[in-house]
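Topology and contacts: notes
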Amino acid sequence: MKKVLTIAGSDSSGGAGIQADIKTITAHKMYAMSAITALTAQNTIGVYGVVDTPPDFVAAQLDCIFTDIAPDAVKIGMVSNPEIIQTIAEKLREYQAKNIVIDPVMISTSGSRLLSDDALETLHTALLPLGTVITPNIPEAEVLCGREIKTKKDMLQAAEAITASLDTAVLIKGGHLSGDAADLLCQTGNAPAAFLKEWFESPRVENSNTHGTGCTLSSAIACNLAAGRRLEESVRRAKKYLTGALKEQLDLGKGAGPLDHMYRIP
Ligand SMILES: Nc1ncnc2c1ncn2[C@@H]1O[C@H](COP(=O)(O)OP(=O)(O)O)[C@@H](O)[C@H]1O
Ligand SMILES: Cc1ncc(COP(=O)(O)O)c(N)n1
């Protein structure tokens, strides 16, 4: 049994965060563990409150996990503040965690800030370089590279800039652009300053219930890495799972509802 750890915030409505991650990991028939970084009072309409976990208690959760059941992959989502980010980075290094997928969650689909302003610098310098792959959406990628992304050409330039600055693979998710849902994976190649780029595209699914798509995709990538697959294959399979879960057209709640995580992986 492969074991996957999610380090993320709790979403009381169950569509994003820890809950989406655990459902995704379970749908992949793997063993899910969690270190909760924050509680959110949230539903499909909005985020109504956030209580951050004390950094010491994030550390305690990670010590309990890593000294007992070593995860085969780690997914990181909402991390709120600089102290929590530093704690996670230290523990990942201490326990030599592998297969780390970081979703640099900044703002929820419903428009609430989930990362404090003063946390961006620490996220950038302390945590993101530890990722096997990081998975920003378009607004997050704009923040990370400091330029606007309006087209697929802009995505290509942004991906190179982020991969070069962090020396980490990046998957820029294109869900926020119009047209097909096209995500771009960029990794460093063999030669210095050489980049390997690959597009992962699916037709846009007509479904406004997209709460938790990013959490679900990053957890599914972590599961596939845990299974020993290469990054490109992991992204391809994760996107297939995400698209299938969206196509189920689950329609819960009054706002942007969750996906059907129990969609059966073919
Ligand atoms: N309507 C859609 N149809 C198909 N795939 C989508 C749709 N919306 C988003 N996606 C996909 O969902 C994943 C998450 O994308 P995105 O919405 O950009 O990120 P986030 O949830 O972090 O804001 C990506 O693989 C993206 O291509
Ligand atoms: C606890 C938590 N983590 C992450 C998200 C982002 O998910 P989304 O972008 O779909 O709102 C969220 N809303 N809540």
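Residues numbered from 1 in each chain as written. Chains lettered and ligands numbered in written order. Predicted model: local features only at pLDDT ≥ 70, side-chain atom pairs only at ≥ 80, totals over all residues.

Section: unusual backbone geometry
You will see that N99, though not glycine, has its phi angle at about 50°, which is positive. Residue placement: N99 occurs in the loop between α3 (82-94) and β5 (100-102). Residue N99 is classed as buried on the basis of its 25 C-beta neighbours within 10 Å. Unlike most non-glycine residues, Q249 shows phi in positive territory, near 55°. (Helix = DSSP H or I, 4+ residues; strand = E, 2+ residues; numbered from the N terminus. Buried ≥ 20, exposed ≤ 12 C-beta atoms within 10 Å, placed from the backbone.)

Looking at the UniProt feature "domain: Pyridoxamine kinase/Phosphomethylpyrimidine kinase" (unreviewed entry) in the chain
Those places that UniProt annotates as "domain: Pyridoxamine kinase/Phosphomethylpyrimidine kinase" (unreviewed entry) correspond, in this numbering, to residues 11-260. The straight-line gap between the two end C-alpha atoms of residues 11-260 is 16 Å; of that span, 39% is helix and 19% is strand. (UniProt positions renumbered as here; feature names shortened; annotations may be inferred.)

Observations regarding the environment of M262
With respect to the helices and strands, the residue M262 is situated in the segment after α8 (231-247). Spatially, the C-alpha atoms of M262 and E248 are 9.6 Å apart, while their sequence positions differ by 14 residues.

Focus: the site of ligand 2
Near ligand 2 lie 18 residues; those nearest to it are G9, A16, G17, S108 and T109. Listing elements by their share of the shell around ligand 2, those giving two or more residues are β1 (3-11), β2 (31-42) and α7 (213-226). Grouping the constituent residues of the shell around ligand 2 by class yields six nonpolar, eleven polar and one charged. (Near = placed C-beta within 6 Å. Nonpolar A, V, L, I, M, F, W, Y, C, P; charged D, E, K, R; others polar.)

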